[in-house]
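# Structural features, examined
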Amino acid sequence: SQIYANRGVSAEAKAKAFQAFVLSILSYQSECWALRSELQREICVFFNRCVRVMTGINRRFQRDLRMTTAQVARRANLRTCESYISERCLKWLGHVARMPDDRLPRQTLFARVRGPRAIGGQQMTTRARLHKLVSSIPAVLEEKGQHDLKNEFASMGWVGAANDRTTWAKIVHAMCDIEGDPAVKVNPKAEYILEQRPYYVNFDDDD
């Protein structure tokens, strides 16, 4: 906490340290959570408290200046808590959608349990959370003026869009307010496995 409250440390250094040491633990495996709105609110309350410490802006000062949570986070070179949680979830969803049909995570994602829900069973599930997030994509893209991307998403469907790494990266950037052009990672080994081709590693003579 002394590092984040220290005014002598730059905002860039604070943001990098916060993402490495705090946000990585706070959002660990959050892509698989059956996250209810109450739990997400508690996580975001802690996140916003950390951001206010980093920026030196208390709640009263934020209220008097009528600053939104996103504006305060931007002063700390960060995005909102919801943005980071949605980013991890969407990236994981795209990764699973690109898996072969015989992979267990993909089968579990698209599987349905027969029979009625048990009495007292949890209403919010991981599947329901993912469905809610994916269903909100067209409205968010429309709100942010990404009409071409919205039409492309509507024509391809979310599974088709997820299988196109470039399109899915653009959707993730638009949904999570990530600045800059998306950099699509290409894993040669994964590409060969998805195409069911053998993967060879070439070593130099010195290796």
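Relevant structure appears above.
First, a word on scope: everything that follows refers to the structure included in this document.

Rules and cut-offs
- Residues take numbers from 1 onward in each chain, read along the sequence in its written order.
- Restriction of local features to residues with pLDDT of at least 70 applies here, the model being predicted, together with a cutoff of 80 or more for giving and counting side-chain atom pairs; totals for whole chains, interfaces and linings are based on all residues.
- Based on all heavy atoms of the structure, the side-chain values leave hydrogens and waters out of the count.
- In what follows, salt bridge is the name for a side-chain nitrogen of Lys or Arg lying within 4 Å of a carboxyl oxygen of Asp or Glu.
- Only protein chains enter the calculation, and the probe is 1.4 Å; a residue is then buried if its accessible area is under 20% of its type maximum, exposed if over 50%, and partly exposed in between.
- Two kinds of site are reported from a 1 Å grid over the protein atoms alone, namely cavities, where a 1.4 Å probe fits but cannot get out, and pockets, open sets with protein on both sides within 12 Å along at least five of seven lines, and residues are called lining when an atom falls within 4 Å of a point.
- Grid points are joined across faces, edges and corners, and a volume is the space filled by probe spheres set on the points.
- A run of H or I in DSSP becomes a helix once it reaches four residues, and a run of E becomes a strand once it reaches two; helices and strands are each numbered from the N terminus.
- Gly is put with the polar residues, along with every residue not named as nonpolar or charged; the nonpolar set is Ala, Val, Leu, Ile, Met, Phe, Trp, Tyr, Cys and Pro, and the charged set is Asp, Glu, Lys and Arg.
- Under this definition, polar contacts are N or O atom pairs within 3.5 Å; protein pairs additionally need one hydrogen-donor-capable and one acceptor-capable atom, and for neighbouring residues in sequence, both atoms have to be side-chain atoms.
- Any pair of residues with heavy atoms lying within 4.5 Å of one another is described as a contacting pair.
- What we call a nonpolar core is a set of buried Ala, Val, Leu, Ile, Met, Phe, Trp, Tyr and Cys residues that are connected through their side-chain atoms within 4.5 Å.
- Axis geometry follows a simple rule: fit a line to the C-alpha atoms, using only the stretch in contact for helices, then measure angles between N-to-C directions, giving values from 0 to 180 degrees.
- Throughout, the term roughly parallel applies to angles under 35 degrees, roughly antiparallel to angles over 145, roughly perpendicular to angles from 65 to 115, and oblique to all others.
- Aromatic pairing here means that ring centres of Phe, Tyr or Trp (its six-membered ring) are within 6.5 Å. Orientation follows from the plane angle: under 30 degrees is stacked, over 60 is edge-to-face, and everything else is tilted.
- As a reminder, the over-ring test applies to NZ of lysine and CZ of arginine, requiring each to be within 6 Å of the ring centre and within 35 degrees of the ring normal.

### What about the pattern of salt bridges?
Following the criterion strictly, the structure yields eight salt bridges and no others. One salt bridge in this structure joins arginine 79 and glutamate 87, with 2.4 Å as the shortest N-O distance. Accessibility assignment for this pair places arginine 79 and glutamate 87 in one class, buried. Across the salt bridge formed by lysine 150 and glutamate 142, the nearest N and O atoms sit 3.1 Å from each other. The partly exposed category is assigned to lysine 150, whose relative accessible area is 26%. Look at glutamate 142 and you get partly exposed, because its relative accessible area is 36%.

### A look at the layout of surface pockets
Taken as a whole, the second largest pocket encloses approximately 510 Å³ of empty space. Lining of the second largest pocket is provided by 20 residues; of these, Arg79, Thr80, Ser83, Cys176 and Asp177 occupy positions nearest its centre. Tallying contributions element by element places helix α6 (residues 81-97) first for the lining of the second largest pocket, with four residues. For the lining of the second largest pocket, a count of residues per class yields nine nonpolar, six polar and five charged.

### Topic: the side chain of threonine 167
Relative to the elements of secondary structure, threonine 167 occurs in helix α11 (residues 165-176). A polar contact of 3.0 Å, which involves the side chain of threonine 167, links it to the side chain of aspartate 164. Non-local contacts of threonine 167, meaning those with residues more than four positions away in its chain, are made with Leu149, Glu152, Met156 and Ala161.

### Concerning the nonpolar core
Nonpolar side chains in soluble globular proteins tend to be buried together. Core analysis: the largest hydrophobic core is formed by 24 residues, its most contacted members being Leu90, Ile137, Phe153, Trp168, Ile171 and Met175. Ranked by the residues each element gives to this core, the list is headed by α11, at six residues. Aside from chain neighbours lying at most four places away, what touches leucine 90 is Leu133, Ile137, Trp168, Val172, Met175 and Cys176. Counting residues in each nonpolar core, the second largest holds 22 residues, with Leu35, Ile43, Met67 and Tyr84 among its members.

### Brief notes about the side chain of glutamate 87
Mapping glutamate 87 onto the fold places it in helix α6. Beyond its immediate stretch of four places on either side in the chain, glutamate 87 contacts Arg79, Val172, Cys176 and Ile178.

### Examining the packing of helix α3 (residues 37-55) against α6
α6 packs onto α3 with a crossing angle of 125° between their chain directions and a minimal axis gap of 9 Å. Put simply, α3 runs oblique to α6. Seen from α3, the contacting residues are Gln40, Ile43, Cys44 and Phe47; seen from α6, they are Cys81, Glu82, Tyr84 and Ile85. Across the contact of α3 with α6, the residue classes tally to six nonpolar, one polar and one charged.

### Considerations on the packing of aromatic side chains
Two numbers describe a pair of aromatic rings. These are the distance of the centres and the angle of the planes. Evaluated as defined, the whole model comprises five aromatic pairs. Note on phenylalanine 47 and tyrosine 84: the rings are 6.0 Å apart at their centroids and 50° apart in plane angle, and the pair reads as tilted. Residue phenylalanine 47 is found in helix α3, and its partner tyrosine 84 is found in helix α6; the two are separated by 37 residues along the sequence. Side by side, phenylalanine 47 and tyrosine 84 carry an identical accessibility label, which is buried. One Lys or Arg, arginine 79, reaches over the ring of tyrosine 84 and ends 4.2 Å from the middle of that ring.

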